[in-house]
Amino acid sequence: MPTDTTPAVLVTRITPGAMDVPGARVVIGPEQGFDSPEALRAFVAEHKPAALVTMYYDRVDAALLDAAGAQLRGVVNFAVGHENIDRAECAKRGVAVCTTPDAVTEGTADLAFMLMLAAARRLPAADRYARSDEYPARGRLGMHEFLGVHLTGQTLLIVGAGRIGYGVAARALGWGMRILYVARSRHLEFEFAPLGGRRVGLDEGLREADFVSVHTPLTPETRHLINAERLRLMKPTAVLVNTARGPVVDEAALAEAVASGRLFGAGLDVYEFEPRPIEAARGNLNIVMTPHIGSASRVHRELMTAMVSANCRAILAGAVPPSLLAPSR
Ligand code: 8YV
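Residues numbered from 1 in each chain as written. Predicted model: local features only at pLDDT ≥ 70, side-chain atom pairs only at ≥ 80, totals over all residues. Heavy atoms only, no water.

### What about the environment of A317?
The following threshold applies: Helix and strand definitions here come from DSSP, where helices need a minimum of 4 consecutive H or I residues and strands a minimum of 2 consecutive E residues; each element is numbered from the N-terminal end. Throughout, exposure labels follow a simple rule: accessible area from a 1.4 Å probe, protein chains only, divided by the maximum for the residue type, with under 20% read as buried, over 50% as exposed, and the rest as partly exposed.
Looking at where A317 falls in the secondary structure, it is placed in helix α13 (residues 298–317). The exposed category is assigned to A317, whose relative accessible area is 62%. Remark: the alpha-carbon pair of A317 and E208, spanning 109 residues in sequence, is separated by 51 Å.

Dropping the structure here:
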């Protein structure tokens, strides 16, 4: 029976799988989540959580932490990315910050690989055409129609050598692809077997690659890391995929590069201004688009909920949470 002293665990919107935090009062936010910082603040101010589970777009800043109150012991992001959380403000207040690494890795790597294949073989245009009345009316396609690019034996550049980047590179081995990677430091797991990859500078990698997959977190340094100038380094037959964070790529410059034929195609799961991809990208079928669904397979989302629960249990017990981040970046 919950009492006034029962600690509250707030989850800002419903997630697949059940939250499992015995001894806590679990309060779930509205189906659509919170669309304004004020509404989110009112929710935390009302329920005074001991642990707060947030989505990657819920801004956790000084104002929200103040509204939550001094009893707040931890924030758990339902995501591996955490650029929405002001970790320094959390550290000041002794609030632990946790994420859901590993749970999102395979799902997001699958999606990135799917976007590579889909952009290479022009899936949006082909799908639309196959469903159209034009197909039976015109008859069988000419041998020069819907020509794409191929993956087998091509060079793949992974930008950001974390778990998801590794997962994409591992999948690419099935296509006999050569792996290059960009990272601030050497990652031997990218260089040893089975990947046998080579660390390169970003500009060098962009010049050499046939496929580029972006997996870097969003930080002040990675905002517009892939800009117009860098897109100009890429081959006109190349494909760029972003399943990380929208602002890492200059979306307008990318749309322009694809529209002008300076880049063969792109695959985007994330956008600079979510949930609004820019018009120039929406209108171009050589840019394959998905609506930020990297981790959206049932198993992976349920794993995220299980991992969030484990972190909340540890926070409430005063133990070290399993996926605790260092106090600040
Ligand atoms: C989303 C993600 O959290 O893990 C991340 O960083 O962006 C995703 O897994 C997920 O899609 C829920 O919105």
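### Quick look at helix α11 (residues 251–259)
Going by this rule: The contact criterion used is simple: two residues touch if any of their non-hydrogen atoms lie within 4.5 Å. Under the rule applied, a polar contact is a pair of N or O atoms within 3.5 Å (in protein, one hydrogen donor and one hydrogen acceptor; residues adjacent in sequence only if both atoms are side-chain atoms).
For α11, the complete set of buried residues consists of E251, A253, L254, A255, A257 and V258. Buried-residue contacts for α11 involve α10 (228–231), β10 (239–242), β11 (265–268), α12 (279–282) and β12 (287–289). If you check the start of α11, you find a side-chain oxygen 3.2 Å away from the backbone N of A252, and it comes from D250. Once α11 ends, the next one or two residues include G261, with phi positive near 80 degrees.

### Some details on the packing of aromatic side chains
Our working definition: Each Phe, Tyr or Trp ring (for Trp, its six-membered ring) is paired with any other whose centre lies within 6.5 Å, and the angle between the two planes then decides the class: stacked below 30 degrees, edge-to-face above 60, tilted in between.
With the rule as written, the count across this model stands at 7 aromatic pairs. Ring centres of F113 and W175 lie 4.6 Å apart, and the angle between their planes is 50 degrees; this geometry places the pair in the tilted category. Placement of F113 in helix α4 (residues 105–120) and of W175 in the loop between α7 (163–173) and β7 (178–182) is noted, with a sequence separation of 62 residues between them. The class for F113 is buried, based on a relative accessible area of 5%. Taking 5.6 Å as the distance between ring centres and 50 degrees as the angle between the ring planes, the aromatic pair formed by Y129 and Y135 counts as tilted.

### A few points about the pattern of salt bridges
What counts is decided by this rule: Here, a salt bridge means any side-chain nitrogen of Lys or Arg that lies within 4 Å of a carboxyl oxygen of Asp or Glu.
The full count for this structure, using the stated rule, is 20 salt bridges. Ionic contacts of the salt-bridge type, sharing partners, join the residues D66, E89, K92 and R93 into one network.

### Some remarks on the site of the ligand
Convention followed: Here a residue is considered near a molecule or strand provided that any single heavy atom belonging to it is located within 4 Å of it. Here the accessible surface of atoms and residues is derived via Shrake-Rupley with a 1.4 Å probe, and residues count as covered only by protein chains that are part of the display. The residue classification treats Ala, Val, Leu, Ile, Met, Phe, Trp, Tyr, Cys and Pro as nonpolar and Asp, Glu, Lys and Arg as charged. All others, Gly included, are polar.
Taken together, Y56, F78, A79, V80, G81, V104, R245, H292, S295, R301 and M304 make up the full set of residues adjacent to the ligand. G81 places a main-chain nitrogen or oxygen 2.9 Å from an oxygen atom of the ligand. Coverage of the ligand by the protein chains reaches 89% of its 330 Å² of free accessible surface. When grouped by side-chain class, the residues that make up the shell around the ligand number 6 nonpolar, 3 polar and 2 charged.

### Considerations on α4
Selection rule: Expected helix span is computed as 1.5 Å times (number of residues minus one).
The end-to-end C-alpha distance of α4 is 23 Å, a good match for the 22 Å that 16 residues give at a rise of 1.5 Å each. Across the 16 residues of α4, 12 count as buried, placing the element largely inside the fold. The complete set of buried residues in α4 reads T105, G107, T108, A109, L111, A112, F113, L115, M116, A118, A119 and A120.

### Topic: the sheet that holds strand β5 (residues 96–98)
Applied cut-off: When DSSP finds at least two bridges between two strands, those strands are taken to pair. As a rule, the C-alpha atoms of each element are fitted with a line to give its axis, helices using only the stretch in contact, and angles between N-to-C directions run from 0 to 180 degrees.
Reading across from one edge, β2-β1-β3-β4-β5 is the order of the 5 strands in this open sheet, with parallel pairing throughout. In this open sheet, the two strands that pair with only one neighbour each are β2 (25–28) and β5. Pairs of neighbouring strands in the sheet enclose a mean axial angle of 15 degrees, with direction left out of account. Judged from the 4 bridges that link them, strand β3 (residues 51–54) and strand β4 (residues 74–77) form a sheet pairing that is parallel. Its bridge partner being in β4, V53 is matched across the sheet by V76. Lying over the sheet, helix α1 (residues 37–47) contacts β1 (8–11), β2 and β3, oriented at roughly 165 degrees with respect to β1. Its contacts with the sheet place α13 against β1, β3, β4 and β5, and it is angled at close to 175 degrees to β4.

### Overview of the pairing of β11
Looking down a regular strand, the side chains alternate between one sheet face and the other. Put simply, the rule is: The handedness of a crossover follows from its direction of travel: if, with the strands pointing away from the viewer, the path from the first strand over the helix to the second runs clockwise, the crossover is right-handed.
Along β11, one buried face is formed by G265 and G267 and the opposite face, lined by A266 and L268, is buried too. With 4 bridges connecting them, β10 and β11 associate as parallel partners. Each residue of the ladder has a partner; that of N242, found in β11, is L268. Taking the sense of rotation as the criterion, the β-α-β connection linking β10, α11 and β11 turns out right-handed. Examined bridge by bridge, β11 and β12 share 3 bridges and lie parallel to one another. What sits directly across from L268, in β12, is M289.

### Points about the side chain of N284
When you line up the elements, N284 lands in the loop between α12 and β12. What N284 contacts, discounting residues up to four positions off in sequence, is A255, V258 and A259.

### Observations concerning the nonpolar core
To keep things clear, this is the line we draw: As used in this record, nonpolar core signifies buried Ala, Val, Leu, Ile, Met, Phe, Trp, Tyr and Cys residues forming a set joined through side-chain atoms within 4.5 Å. How far each domain reaches was decided by an automatic or database domain assignment.
Counting 47 residues, the largest nonpolar core has V9, M116, L156, F211 and C312 as the members making the most contacts within it. Those elements that provide at least two residues to this core are β1, β3, α4, β6 (155–159), α7, β7, β10 and α13. With 9 residues, α4 is the largest single contributor of residues to this core. Of the domains in this structure, domain 1 (8–103 + 299–317) and domain 2 (105–289) are the two that each give at least three residues to this core. Counting 31 residues, the second-largest nonpolar core is a separate cluster that includes L240, L254, L268 and I287.

### What about the sheet that holds β10?
Across the sheet, which stays open at both edges, the 7 strands sit in the order β8-β7-β6-β9-β10-β11-β12 with parallel pairing between neighbours. Two strands lie at the open edges of the sheet, namely β8 (198–199) and β12, each paired on one side alone. Sheet strands in contact with α7 are β6, β7 and β9 (211–214), and its direction is about 170 degrees off that of β6.

By themselves, these observations are geometric and do not establish any function.
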